[in-house]
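Geometric and topological summary
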Amino acid sequence: MREVGRKQGTASPCAACKLLRRRCAQGCIFAPYFPADEPQKFANVHKVFGASNVSKLLQELPAHHRSDAVSSLVYEANARVRDPVYGCVGAISSLQNQIEALQTQLAIAQAEMVHLRMRHATYLGSRSPMMVEMASTGTSSSSMLLPKQQLMKTDQHGPKPVFALDMVMLDQTSFGEPPIWSC
């Protein structure tokens, strides 16, 4: 039995025996797992599963598995107290939904990065060989600047700067979060 405190030579009963208002025997099955200083731990387990069922379960298990079983019982009992209908399954479902939303956000960000890399590669491909060499060697000289005409592409609507980026608007309200960025 786990001794948490002493009262004039007697051991303090475990949380289970306190709640059940019984004497805590030397070989109490609950004592190692439900110490007197954590009464709510056993109260929730007792409320959800019942002391008799927990006692039977612990007696049937090998001693080295009991601690893990108690941890699981306490987790499920606490989840059932918070959400009586779904218990820990509700928490797991909520976490899975969050994972799916984050994976969607990640896929959007990765697609945007691919798009920007392609635009950058297109830009590098459209530059003169001298500028490509300057970019690859890191050379920068004011005497080697391109004329203004080369920095502008022309299309049917007139000149368009080569450095213009496509602006992307993301509707992130469907993710349940405020927008992180919008370009």
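What this report covers is the structure whose coordinates are included nearby. Computed from a predicted structure; not experimentally measured.

The helix and strand inventory of the chain stands at seven helices and four strands. In the chain, the order of α-helices and β-strands from amino to carboxyl end is β-β-α-α-α-α-α-α-α-β-β. Out of the 183 residues in the chain, the part that is buried amounts to 25%. Of the accessible surface of the chain, which amounts to about 13,200 Å², a share of 57% is contributed by carbon and sulfur atoms.

Next up on the list: the pattern of salt bridges. Taken as a whole and assessed by the stated rule, the structure comprises two salt bridges. Across the pair Glu-38 and Lys-41 runs a salt bridge, and its minimum N-O distance is 3.4 Å. For Glu-38, a relative accessible area of 33% puts it in the partly exposed group. Ionic pairing is found between Arg-80 and Glu-76, a salt bridge with its closest N-O pair at 2.8 Å. Taken as a pair, Arg-80 and Glu-76 lie in helix α4 (residues 63-82) at a separation of four residues, close to a single helical turn. Residue Arg-80 is classed as partly exposed on the basis of its relative accessible area of 28%.

Looking now at the packing of aromatic side chains. Per the counting criterion, the structure on display carries three aromatic pairs. For the ring pair Phe-34 and Phe-42, a centre distance of 5.0 Å and an interplane angle of 75° mean the geometry is edge-to-face. For the pair formed by Phe-34 and Phe-42, the shared burial category is buried. Grouping aromatic residues by their ring pairs yields a cluster made of Phe-30, Phe-34 and Phe-42.

Before going further, it helps to spend a moment on unusual backbone geometry. Despite not being glycine, Arg-21 shows a phi value in the positive range, around 55°. Classification of Arg-21 by relative accessible area gives exposed; the value is 78%.

End to end, α4 covers 30 Å across 20 residues, agreeing with the expected 28 Å (1.5 Å per residue, within 8%). As for α4, its buried residues are in contact with α2 (39-49), α3 (51-60) and α5 (88-126).

Running from N to C, α2 and α4 cross one another at 75°; their axes reach a closest spacing of 8 Å. As summarised for this structure, α2 and α4 are arranged roughly perpendicular, according to the angle between their axes. Between α2 and α4, the contacting residues are Lys-41, Asn-44, Val-45, Val-48 and Phe-49 on the first element and Leu-73, Val-74, Glu-76, Ala-77, Asn-78, Arg-80 and Val-81 on the second.

This brings us to the nonpolar core. In this structure, Cys-14, Cys-28, Phe-30, Phe-34, Phe-42 and Leu-58 are the most contacted members of the largest nonpolar core, which totals 20 residues. Not counting residues up to four positions away in its chain, the partners in contact with Leu-58 are Ile-29, Phe-30, Tyr-33, Arg-66 and Val-70.

Looking now at a nonpolar patch on the surface. Taken together, the side chains of Val-85, Tyr-86 and Val-89 make up a nonpolar region of the molecular surface, amounting to roughly 330 Å² of accessible area. Mapped onto the fold, Val-85 is located in the loop between α4 and α5.

Glancing now at the side chain of Arg-66. In this fold, Arg-66 is placed in helix α4. Buried charge without a salt bridge: Arg-66, with Glu-60 as the nearest opposite-charge side chain at an N-O distance of 10 Å. If sequence neighbours within four positions are ignored, Arg-66 has contacts with Ile-29, Tyr-33, Leu-58, Gln-59 and Leu-61.

Here is what the cut-offs are and how they apply
- Residues numbered from 1 in each chain as written.
- Predicted model: local features only at pLDDT ≥ 70, side-chain atom pairs only at ≥ 80, totals over all residues.
- Heavy atoms only, no water.
- Helix = DSSP H or I, 4+ residues; strand = E, 2+ residues; numbered from the N terminus.
- Buried < 20%, exposed > 50% of the residue type's maximum accessible area, 1.4 Å probe, protein only.
- Areas by Shrake-Rupley, 256 points an atom, 1.4 Å probe, with all protein chains shown as cover.
- Salt bridge = Lys/Arg side-chain N within 4 Å of Asp/Glu carboxyl O.
- Phe/Tyr/Trp six-rings, centres within 6.5 Å; stacked < 30°, edge-to-face > 60°.
- Expected span 1.5 Å × (residues − 1).
- Contact = heavy atoms within 4.5 Å.
- Axes fitted to C-alpha atoms, helices over the stretch in contact; angles between N-to-C directions.
- Parallel < 35°, antiparallel > 145°, perpendicular 65-115°, else oblique.
- Core = buried A, V, L, I, M, F, W, Y, C linked by side-chain atoms within 4.5 Å.
- Patch = residues over 30% accessible without salt bridge, like charges linked within 9 Å, V, L, I, M, F, W, Y side chains within 5 Å.
- Lys, Arg positive; Asp, Glu negative; His and termini not counted.

Keep in mind that these numbers describe shape and distance, not what the molecule does.
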